[in-house]
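Secondary and tertiary structure notes
Each chain, written out:
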Amino acid sequence: MWEIPIFVIVGLTMGALGSVFVRWNGIVVKVRRKFATRFPRLGSPLAFAFIVATITSVLTFPGFIGAAVNPQNPLQAFKSLIDAAELVNEETTGISGPGYSIPAYASVAIWTASRFFLTPLSLTLPVPTGLFVPVLSIGAGFGRLFGKFLQEYIFSSAFVAGYALVAGGSLVASVTQTLSTSVILMEMTGNLDYLFPILAAIVTSVFVSKALGVSIFDRIVKDKRLPYLKYVHLFHI
């Protein structure tokens, strides 16, 4: 229980990152509209999907940072990040390839950063794309890195995988501004040991996210100029 304040800090951080994620998604939408206005043919849904696919392919190409971006899908990555076992050869090889060797936690950092950049791009595509699991895996990446930092420099008893789980749920809660994420996490893991840390972090992240802006769903409604009820700010209730 003494770690609760640390999990609150995780919630604060994920709340801020979730707001950045939503704002980045809004920026992508605005840029796409301007691009479509200037270049109608290139701004078509099919052309935009091709552009996003090209950017993703270049960034994840094995000869580029793809050497560190594990080809696992988001759900597989999430399961690996919340696994109690250490990442493979974390201090030596990590994810290796011809002529190079990348430490595992450097690989996690690159994977997390690239997913944080690419996921909002995919959300703007005119095709069904996932939100919950990709954001969950991104948060788990941040949490795994934070937990490893605590274990190495603050207290060696830190359970790294636990921070990955809590941070993953907190980022989803921040982006969607929903508290029900805690229930979903409990159902996914079947582990009640982290019930209070998860609740503490998620409540904090939602509070911070609402203080900084709107959820991803409200952002999409506004970007699409759909009719909606006036937003009631957190501090005006």
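For the structure itself, consult the block above.
All values reported here derive from a predicted model rather than from experimental measurement.

Glancing now at the pattern of salt bridges. A full pass over the atoms with the stated rule returns one salt bridge. Between K148 and E152 there is a salt bridge; the shortest N-O distance is 3.2 Å. Taken together, the residues K148 and E152, both in helix α5 (residues 132–153) and four residues apart, mark about one turn of the helix.

If you check the backbone angles, Q177 has positive phi at about 55 degrees while not being a glycine. Inspection of the secondary structure puts Q177 in the loop between α6 (160–176) and α7 (181–189).

On to α7, then. Those residues of α7 that fall on the buried side of the exposure criterion are T181, S182, L185 and M186. Buried residues along α7 cover an arc of 140 degrees about the axis, so they all sit on one side. Among the residues trailing α7, G190 stands out with phi positive, at a value near 65 degrees.

Our focus in this paragraph is the environment of I9. Topologically, I9 is positioned in helix α1 (residues 4–38). Remark: the alpha-carbon pair of I9 and A201, spanning 192 residues in sequence, is separated by 7.5 Å.

Counted according to the given criterion, the structure contains eight aromatic pairs. Centre to centre, the rings of F149 and Y153 are 5.3 Å apart; their planes meet at 45 degrees, and the pair counts as tilted. A residue pair is termed a helical-turn pair when its members lie 3 or 4 positions apart in one helix, as F149 and Y153 do in helix α5 at four residues. On the basis of relative accessibility, which here comes to 44%, the residue F149 falls in the partly exposed class. Directly above the aromatic system of F48 lies the positively charged group of R32, at a separation of 4.5 Å from the ring centroid.

Let us now look at the packing of helix α2 (residues 45–59) against helix α4 (residues 104–123). Axis angle and axis distance: for two packed helices, these are the angle between their axes and the distance between the axes, and together they describe the pair. In contact at an axis separation of 10 Å, α2 and α4 are set at 165 degrees when each is read in the N-to-C sense. As judged from the angle between their axes, α2 and α4 are roughly antiparallel. Remark: the crossing between α2 and α4 carries left-handed chirality. Contact with α2, carried on its side by F48, V52, I55, T56 and L59, involves F117, L118 and L121 of α4 and no other residues of that element. Grouping the constituent residues of the contact of α2 with α4 by class yields seven nonpolar, one polar and no charged.

Next up on the list: a nonpolar patch on the surface. Taken together, the side chains of L75, I184 and M188 define a hydrophobic patch exposed on the protein surface, amounting to about 220 Å² of accessible area. Structurally, the position occupied by L75 is in helix α3 (residues 74–81). Looking at L75, the relative accessible area reads 35%, which means it is partly exposed.

The end-to-end C-alpha distance of α4, which contains 20 residues, comes to 28 Å, matching closely the 28 Å that a straight helix rising 1.5 Å per residue would cover. Within α4, the axis deviates most sharply at F116, by approximately 25 degrees, and proline P120 lies no more than four positions further along.

Here we take up the nonpolar core. Core analysis: the biggest nonpolar cluster contains 38 residues, and F21, L131, V135, Y163, V166, V175 and I198 have the highest contact counts within it. Secondary-structure elements contributing two or more residues to this core are α1, α3, α4, α5, α6, α7 and α8 (195–212). Considering each element in turn, this core owes the most residues, nine residues, to α6. Beyond its immediate sequence surroundings of up to four residues, V175 is in contact with G18, F21, V22, L131, V135, S215 and I216.

Each value, and the rule that gives it
Throughout this description, residue numbers start from 1 for each chain and increase along the sequence as written. Since the coordinates come from a predicted model, pLDDT governs what is reported: local features require at least 70, and pairs of side-chain atoms require 80 or more to be given and counted, while whole-chain, interface and lining totals use all residues. The basis for every side-chain value is the complete set of non-hydrogen atoms in the structure, without hydrogens or water. Any carboxyl oxygen of Asp or Glu that lies within 4 Å of a side-chain nitrogen of Lys or Arg is treated as forming a salt bridge with it. For the purposes of this entry, the term helix denotes a DSSP run of H or I that reaches at least four residues, the term strand denotes a run of E that reaches at least two, and both are numbered from the N terminus. Each residue is assigned to one of three classes by its accessible area relative to the maximum for its type, calculated with a 1.4 Å probe on protein chains only: buried under 20%, partly exposed between the two thresholds, exposed over 50%. The arc in question is formed by the directions pointing from the helix axis toward the C-beta atoms. Any two of the Phe, Tyr and Trp rings considered here, Trp counted by its six-membered ring, make a pair once their centres fall within 6.5 Å; the pair's planes then place it as stacked at under 30 degrees, edge-to-face at over 60, or tilted in between. For a ring to carry a charge above it, either NZ of a lysine or CZ of an arginine must fall within 6 Å of the ring centroid while also lying within 35 degrees of the normal to the ring plane. Axes, fitted as lines to C-alpha atoms, cover a helix only where it is in contact. Angles between the N-to-C directions of the axes lie from 0 to 180 degrees. Roughly parallel here means an angle under 35 degrees, roughly antiparallel means over 145, roughly perpendicular means 65 to 115, and every remaining angle is called oblique. Each crossing gets its handedness from the near helix: less than a right angle anticlockwise from the far helix is left-handed, clockwise is right-handed. When checking whether two residues touch, look at their non-hydrogen atoms; a contact exists if any pair is within 4.5 Å. Classification convention: Asp, Glu, Lys, Arg as charged; Ala, Val, Leu, Ile, Met, Phe, Trp, Tyr, Cys, Pro as nonpolar; all other residues, Gly among them, as polar. What goes into a patch is any residue over 30% in relative accessible area without a salt bridge, connected to like charges within 9 Å or, for nonpolar side chains (Val, Leu, Ile, Met, Phe, Trp, Tyr), within 5 Å. Using a 1.4 Å probe, accessible areas were evaluated by the Shrake-Rupley method; residue-level cover was limited to the displayed protein chains. Here the expected length of a helix is defined as 1.5 Å per residue gap, with one fewer gap than residues. Bend, at a single residue, is the angle you get between axes fitted to the 7 residues ending at that residue and the 7 residues starting at it. Throughout, nonpolar core names a set of buried Ala, Val, Leu, Ile, Met, Phe, Trp, Tyr and Cys residues whose side chains join them through atoms within 4.5 Å.

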